[in-house]
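Coordinate inspection notes
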Amino acid sequence: MRLVSAAAMLCAIALPAAAQSQREADAVRALNDPMVQEGVAMAMSGLAGIVLDTKVGPLARYADPHEDIRPSDTLRDLERRRDPHFEAKLHDRTRRAVAGVGLVAGDALAMSGELARTADRLRDALAPLAGAIEAYNDDN
């Protein structure tokens, strides 16, 4: 029974992978495009900027007295004091993360055909077992 469950799970994983389309290939190409990576990094920097402009100074009295939190501080102020280049690093890490996702997506798309073939072979190999289980259940 575990074999049937494992095979069913493999087939369930492979079916979406087998449904590759031109749209998926286009998405992979986009993720691997340095201009798209830069655009995503810029968008994420903008979103991070909104969060970084959150005023946290009013909570200063609850912080460790050794922390340098001033009443008018934002999250950006705190981070800049820890690392003056943190925004450039955040942007670069985001761009590299998008590039990494592009590589993984491309490899997954390349594997989709092989996963589909494996799922087909498993389905064919398990058909007699599934028939035997159905016959057993019908008899009992």
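Residues numbered from 1 in each chain as written. Predicted model: local features only at pLDDT ≥ 70, side-chain atom pairs only at ≥ 80, totals over all residues. Heavy atoms only, no water.

1. Structural notes on the overall build of the chain
What the chain contains, in helices and strands, is five helices and zero strands. Relative to its full complement of 140 residues, the chain shows a buried share of 21%. With an accessible surface of roughly 10000 Å², the chain has 64% of that area assigned to carbon and sulfur atoms. (Helix = DSSP H or I, 4+ residues; strand = E, 2+ residues; numbered from the N terminus. Buried < 20%, exposed > 50% of the residue type's maximum accessible area, 1.4 Å probe, protein only. Areas by Shrake-Rupley, 256 points an atom, 1.4 Å probe, with all protein chains shown as cover.)

2. Description of the pattern of salt bridges
Under the defined criterion, the tally for this structure stands at 14 salt bridges. Between arginine 81 and aspartate 68 there is a salt bridge, with its nearest N and O atoms 3.3 Å apart. Here the residue arginine 81 occupies a position in helix 4 (residues 75-82), and aspartate 68 occupies one in the loop between helix 3 (34-52) and helix 4, the gap between them amounting to 13 residues. In this structure, arginine 95 and aspartate 92 form a salt bridge, with 2.8 Å as the shortest nitrogen-oxygen distance. Here aspartate 92 and arginine 95 lie together in helix 5 (residues 86-139), a separation of three residues that amounts to about one turn. Here arginine 95 falls in the partly exposed class, since its relative accessible area comes to 26%. For aspartate 92, a relative accessible area of 28% puts it in the partly exposed group. Within this structure, Asp53, Arg76, Arg80 and Glu87 form a network of salt bridges that share partners. (Salt bridge = Lys/Arg side-chain N within 4 Å of Asp/Glu carboxyl O.)

3. A word on the confidence of the model for the chain
Confidence in the prediction of the chain, expressed as mean pLDDT, is 84, and 86% of residues score 70 or more. Taken element by element, the chain is modelled with least confidence in helix 1 (residues 2-18), mean pLDDT 51, and with most confidence in helix 3, mean pLDDT 94. (pLDDT = per-residue confidence, 0-100.)

4. Section: a nonpolar patch on the surface
A contiguous nonpolar surface patch, about 410 Å² in accessible area, is contributed by Val36, Val40, Met44, Leu47 and Ile50. Mapped onto the elements of the fold, valine 36 is located in helix 3. Taking the relative accessible area as the measure of exposure, valine 36 reaches 30% and is therefore partly exposed. (Patch = residues over 30% accessible without salt bridge, like charges linked within 9 Å, V, L, I, M, F, W, Y side chains within 5 Å.)

5. Section: the side chain of threonine 94
With respect to the helices and strands, threonine 94 occurs in helix 5. Apart from the residues within four sequence positions on either side, threonine 94 is in contact with Ala41 and Met44. (Contact = heavy atoms within 4.5 Å.)

6. Concerning the side chain of threonine 74
Here threonine 74 is to be found in the loop between helix 3 and helix 4. The class of threonine 74 is buried, set by a relative accessible area of 11%. The residues touching threonine 74, leaving out its near neighbours within four places in the chain, are Leu52, Asp53, Thr54, Lys55 and Val56.

7. So, the environment of threonine 54
Here threonine 54 is to be found in the loop between helix 3 and helix 4. On the basis of relative accessibility, which here comes to 38%, the residue threonine 54 falls in the partly exposed class. The spacing of threonine 54 and aspartate 77 is 23 residues in sequence and 9.8 Å in space, taken between C-alpha atoms. In contact with threonine 54, other than residues within four places in its own chain, are Asp73, Thr74 and Leu75.

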